[in-house]
Amino acid sequence: MSKPDHVRGVCDIVDCDGVASQAFRDDEAELYVEVCDEHVSSFEGFDSDYERVAQDSPHRSPREVETHDCGGALHVYDVPDQNGDAEYRVCVDCGYALLIEDGDDDSFSVRHSPPTR
C-alpha cells in the first residue's frame, strides 16, 4: 500500500494538489484523511461521519513542534520530494499550512493555506 498524499503535505482527495490544512477521522476512527480548504466542506456538517482532529497520521510524525502565532501547536514535517528537500508546516489548531518545495537549481516554491479558525 502506498502512503497517502498528506505525507507530502497535499490533500488526500484524488487528483487534488492543494496544501492539506485540516485532518478528519471517521466515527469508527478507521479512516484518517487530511484535506485542503476546498475539500473541508465535504467533511463538515450535520450529516458527516467525520470529525475534525489534530494532524496525527500513523504514516509520519513531526520533526519538531513549535508555537504558532495563534497560540496553537505548529507541526513541522520533512517531506519526501523528487527534487530534494521539502518541508510541510501545519497548525493543528487554526489550520494554517505551508508547503515549501525545492525546485530546479537554487529555486523553491511556497504554497500556503490561510488559517481557517
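Residues numbered from 1 in each chain as written. Predicted model: local features only at pLDDT ≥ 70, side-chain atom pairs only at ≥ 80, totals over all residues. Heavy atoms only, no water.

Undergrad: Go over the pattern of salt bridges with me, naming the residues and quoting the values.
TA: Summed over the entire model, instances satisfying the criterion amount to nine salt bridges. Between Glu101 and Arg111 there is a salt bridge whose closest N-O contact spans 3.7 Å. Linking Glu101 in strand 7 (residues 97-102) with Arg111 in strand 8 (residues 108-113), this pair joins segments that are ten residues apart in sequence. A relative accessible area of 19% places Glu101 in the buried class. Three or more residues joined by partner-sharing salt bridges are found here, namely Arg63, Glu64, Glu66, Asp78, Glu87 and Arg89. (Salt bridge = Lys/Arg side-chain N within 4 Å of Asp/Glu carboxyl O. Helix = DSSP H or I, 4+ residues; strand = E, 2+ residues; numbered from the N terminus. Buried < 20%, exposed > 50% of the residue type's maximum accessible area, 1.4 Å probe, protein only.)

Undergrad: Please give an account of the nonpolar core that cites residues and values.
TA: Nonpolar side chains tend toward joint burial in soluble globular proteins. Within the largest apolar cluster, ten residues are counted, these being Val10, Val19, Ala20, Tyr77, Val79, Ala86, Tyr88, Val90, Ala97 and Leu99. Those elements giving two or more residues to this core turn out to be strand 5 (73-81), strand 6 (84-91) and strand 7. For this core, the element with the most residues is strand 6, which contributes three residues. Beyond its immediate chain neighbours, meaning those up to four positions away, Leu99 contacts Arg8, Gly9, Val10, Val19, Val79, Glu87, Tyr88, Ser109, Val110 and Arg111. By size, the runner-up hydrophobic cluster in this structure holds eight residues, among which are Cys16, Phe24, Val35 and Cys36. (Core = buried A, V, L, I, M, F, W, Y, C linked by side-chain atoms within 4.5 Å. Contact = heavy atoms within 4.5 Å.)

Undergrad: Quick rundown of the pairing of strand 8? Include the residues and the values.
TA: Examined bridge by bridge, strand 7 and strand 8 share six bridges and lie antiparallel to one another. Note that in strand 8 the partner of Leu98 across the bridge is His112. Once strand 7 ends, the chain turns through five residues before running back antiparallel as strand 8, passing Asp105 with a positive phi of about 60°. (Pairing = 2+ DSSP bridges.)

Undergrad: Any details on the sheet that holds strand 3 (residues 50-53)? Residues and values, ideally.
TA: Overall, antiparallel pairing links the three strands, which are arranged 2-1-3 in an open sheet. Of all strands in the sheet, those with a lone pairing partner are strand 2 (32-35) and strand 3, marking the two edges. On average, adjacent strands in this sheet sit at an angle of 35° to one another, irrespective of strand direction. In the sheet, strand 1 (residues 22-26) pairs with strand 3 via four bridges, with the strands oriented antiparallel. Across the sheet, the residue bridging to Phe24 is Arg52, located in strand 3. (Axes fitted to C-alpha atoms, helices over the stretch in contact; angles between N-to-C directions.)

Undergrad: Please set out unusual backbone geometry residue by residue, giving values where relevant.
TA: When glycine is set aside, most residues are seen to have a negative phi, and most peptide bonds are trans. We note that Asp15 has phi near 65°; this positive angle belongs to a residue other than glycine. Relative to the assigned elements, Asp15 resides in the segment before strand 1. By relative accessible area, Asp15 is classed as exposed at 77%.

Undergrad: Could you give an account of the state of the cysteines, with specific residues and numbers?
TA: Tallying each qualifying case throughout the model produces zero disulfides. Here Cys94 stays free of any disulfide, with the sulfur of Cys91 as its closest cysteine sulfur at 3.8 Å. Judged by relative accessible area, Cys94 falls into the buried class, the value being 4%. (Disulfide = S-S within 2.5 Å.)

Undergrad: How would you summarise a negative patch on the surface if you had to cite specific residues and measurements?
TA: On the surface, Asp27, Glu28, Glu30, Asp47, Asp49 and Glu51 cluster together to form a negatively charged patch. Position of Asp47 relative to the elements: it lies in the loop between helix 1 (37-40) and strand 3. (Patch = residues over 30% accessible without salt bridge, like charges linked within 9 Å, V, L, I, M, F, W, Y side chains within 5 Å. Areas by Shrake-Rupley, 256 points an atom, 1.4 Å probe, with all protein chains shown as cover. Lys, Arg positive; Asp, Glu negative; His and termini not counted. Charge placed at Lys NZ, Arg CZ, Asp CG, Glu CD.)

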